[in-house]
Amino acid sequence: MFQHFSDAGTVMTEEDFNILTRPLHPKMYACAFMMLRSQDAAADCVQDTLLRLWESRSRLAEIEKPEAYCMTAVKRQALDSLRRNGRIPQTVNEIDNVEIPEDLTPHDIAEARDDLALVRKLLTQLAPRQREVVELSAINGLDNSEIAQTTGMSDENVRVLLSRGRSKIRELFRSKSNH
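Residues numbered from 1 in each chain as written. Predicted model: local features only at pLDDT ≥ 70, side-chain atom pairs only at ≥ 80, totals over all residues. Heavy atoms only, no water.

### With respect to the pattern of salt bridges
Quick reminder of the rule: Any carboxyl oxygen of Asp or Glu that lies within 4 Å of a side-chain nitrogen of Lys or Arg is treated as forming a salt bridge with it. Think of it this way: any DSSP run of H or I at least four residues long counts as a helix, any run of E at least two long counts as a strand, and we number them from the N terminus. When accessible area is computed with a 1.4 Å probe and restricted to protein chains, residues below 20% of their type maximum are described as buried, those above 50% as exposed, and intermediate ones as partly exposed.
Following the criterion strictly, the structure yields two salt bridges and no others. Between glutamate 156 and arginine 159 there is a salt bridge whose closest N-O contact spans 2.6 Å. In this pair, glutamate 156 and arginine 159 are both assigned in helix H9 (residues 155-177), three residues apart and thus about one turn of the helix distant. Residue glutamate 156 is classed as partly exposed on the basis of its relative accessible area, which comes to 45%. Overall, arginine 159 belongs to the partly exposed group, its relative accessible area being 43%.

### Notes on the packing of aromatic side chains
Rules: Ring geometry is summarised as follows: Phe, Tyr and Trp rings, the Trp one being its six-membered ring, pair when their centres sit within 6.5 Å, and such pairs are stacked at plane angles under 30 degrees, edge-to-face over 60 and tilted between the two.
The tally for this structure, following the rule as stated, stands at two aromatic pairs. Judged by centre distance (5.2 Å) and plane angle (75°), the ring pair of phenylalanine 17 and tryptophan 54 falls under edge-to-face. Of the two residues, phenylalanine 17 is situated in helix H1 (residues 14-21) and tryptophan 54 in helix H3 (residues 39-55); the sequence distance between them amounts to 37 residues. With relative accessibility at 26%, the residue tryptophan 54 sits in the partly exposed group.

### A closer look at the confidence of the model for the protein chain
Rules: pLDDT gives the predictor's per-residue confidence on a scale running from 0 to 100. Here a residue-residue contact requires only that any non-hydrogen atoms of the pair lie within 4.5 Å.
Chain-level statistics for the protein chain give a pLDDT mean of 79 and a share of 80% at 70 or above. Put simply, helix H6 (residues 106-123) is where the protein chain has its lowest mean pLDDT, 75, and H3 is where it has its highest, 93. In the predicted structure, residues 1-8 sits below a pLDDT of 50 and forms 19 contacts with residues beyond four places in sequence or in another chain. In this model residues 89-93 is a low-confidence stretch, pLDDT under 50, and it forms 10 contacts with partners more than four residues away in sequence or in other chains.

### Digging into the packing of helix H2 (residues 25-36) against H3
Spelled out, the test is: Comment: axis = line fitted to C-alpha atoms, over the contacting stretch for helices; angle = value between 0 and 180 degrees taken between N-to-C directions. Any angle between 65 and 115 degrees counts as roughly perpendicular, while under 35 counts as roughly parallel, over 145 as roughly antiparallel, and the rest as oblique. Take the far helix as your reference; a near helix turned counterclockwise from it by less than a right angle gives a left-handed crossing, and one turned clockwise gives a right-handed crossing. Throughout, the ten residues Ala, Val, Leu, Ile, Met, Phe, Trp, Tyr, Cys and Pro are labelled nonpolar, Asp, Glu, Lys and Arg are labelled charged, and all others, Gly among them, are labelled polar.
Axis separation between H2 and H3 bottoms out at 8 Å; the angle between their running directions is 130°. Compared by their axis directions, H2 and H3 come out oblique. The crossing of H2 and H3 is right-handed. Here His25, Met28, Tyr29, Ala32, Phe33 and Leu36 of H2 come into contact with H3, specifically with Gln39, Ala41, Ala42, Ala43, Cys45, Val46, Gln47, Thr49, Leu50 and Leu53. In terms of residue class, the contact of H2 with H3 is built from 12 nonpolar, four polar and no charged.

Structure follows, in structure tokens:
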């Protein structure tokens, strides 16, 4: 669909940049809108993404799959926007904010806090993509299709990473909590 713009040492021109990004604008907007659920926020997200892409156009000229790169950039920009607005927790540290029911005994509350701290520590032992998928599911409450849309992964890849990540957490949790 796109010509490869890279000539060794050549910076992408404004015309080349427009040829590359203009056809992607509707797709980028649709992606941002699905995530942000606001026309204004989606338009701002696309503009911010295009500005960042323009600023890094020397690198963009060397990308083999520029459409995938641009779509990933807009997804990340939308996710950053959601995080800034407090709509998605920023890190696994948000696990500390999980509410523990008050009707538990002090011993049960202490045990629940210990378990949460252990899970937080165990999440850091997962591979980065696996951890991202598990966090988006367990902490942020996204379903598999939302995770696929947010990360740019296929539904199947999300399902596999989530299943393996949960299994690994269970396995690590059992081994750590039995000691």
